[in-house]
Amino acid sequence: AELFPDLKNFLRSCCALQIPVAIVSHKTRYPYRGDRHDLHQAAHAFLHTHGLYRTSETGLSPAGVHLELTLTDKLQRIGSLGCDVFIDDLPEVLAHPQFPNGVQKILFDPAEVHPEKGDYQRVGSWAQCFQQLLAVREVCA
């Protein structure tokens, strides 16, 4: 897999402005089919290999990556972290009835396959995502 363009720039910019970033995802630990390998370990290895765990540069560390086993656990983690903004590529996550109240929602949709909705902002790139994040911070300030 490849990183989306500007992801590192997004993380660097957040780090420079002291905006804390965490990754919250939900995935099974092992594939349902095929060879048994640890998908959580593979995710951490991917982030490390691509330099995203250079904490002084990106602000991200393994402790800030939460790989939850279920969607319910993911939603609870978003709430427990006290996120102001959450970015996801699945509109069903952002529209879930258990999604924490008061969290600004950004849909990462570079292929523009999801419809515009009133309850989230849709962005097509990490550069646009950063601009939306700055706009949300300005409104909250």
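Look up a bit, the structure's there.
Residues numbered from 1 in each chain as written. Predicted model: local features only at pLDDT ≥ 70, side-chain atom pairs only at ≥ 80, totals over all residues. Heavy atoms only, no water.

*Asks:* Could you clarify how one ought to interpret the sheet that holds strand 3 (residues 85–88) in this entry?
*Replies:* To summarise the sheet geometry, strands pair through backbone hydrogen bonds and adopt either a parallel or an antiparallel arrangement. Pairing in this open sheet of 3 strands is parallel, and the strands run 3-4-5 from one edge to the other. Looking at the sheet topology across the chains shown, the edges are occupied by strand 3 and strand 5 (121–123). If you compare each strand with its neighbour and ignore which way they point, the axes differ by 25° on average. (Pairing = 2+ DSSP bridges. Helix = DSSP H or I, 4+ residues; strand = E, 2+ residues; numbered from the N terminus. Axes fitted to C-alpha atoms, helices over the stretch in contact; angles between N-to-C directions.)

*Asks:* Explain helix 4 (residues 71–81) to me, please; I cannot follow it from the model alone.
*Replies:* Since the α-helix advances by 3.6 residues per turn, residues separated by three or four positions end up pointing in the same direction. Those residues of helix 4 lying buried are Lys74, Leu75 and Ile78. All buried residues of helix 4 fall inside an arc of 95° around its axis, so they share one side. Exposed and facing more than 90 degrees away from the buried side of helix 4 are Gln76 and Ser80. Contacts from the buried residues of helix 4 go to strand 1 (23–26), strand 2 (65–68), strand 3 and helix 5 (91–94). (Buried < 20%, exposed > 50% of the residue type's maximum accessible area, 1.4 Å probe, protein only. Arc of directions from axis to C-beta. Contact = heavy atoms within 4.5 Å.)

Fair warning: the whole summary comes from geometry, so function is off the table for now.
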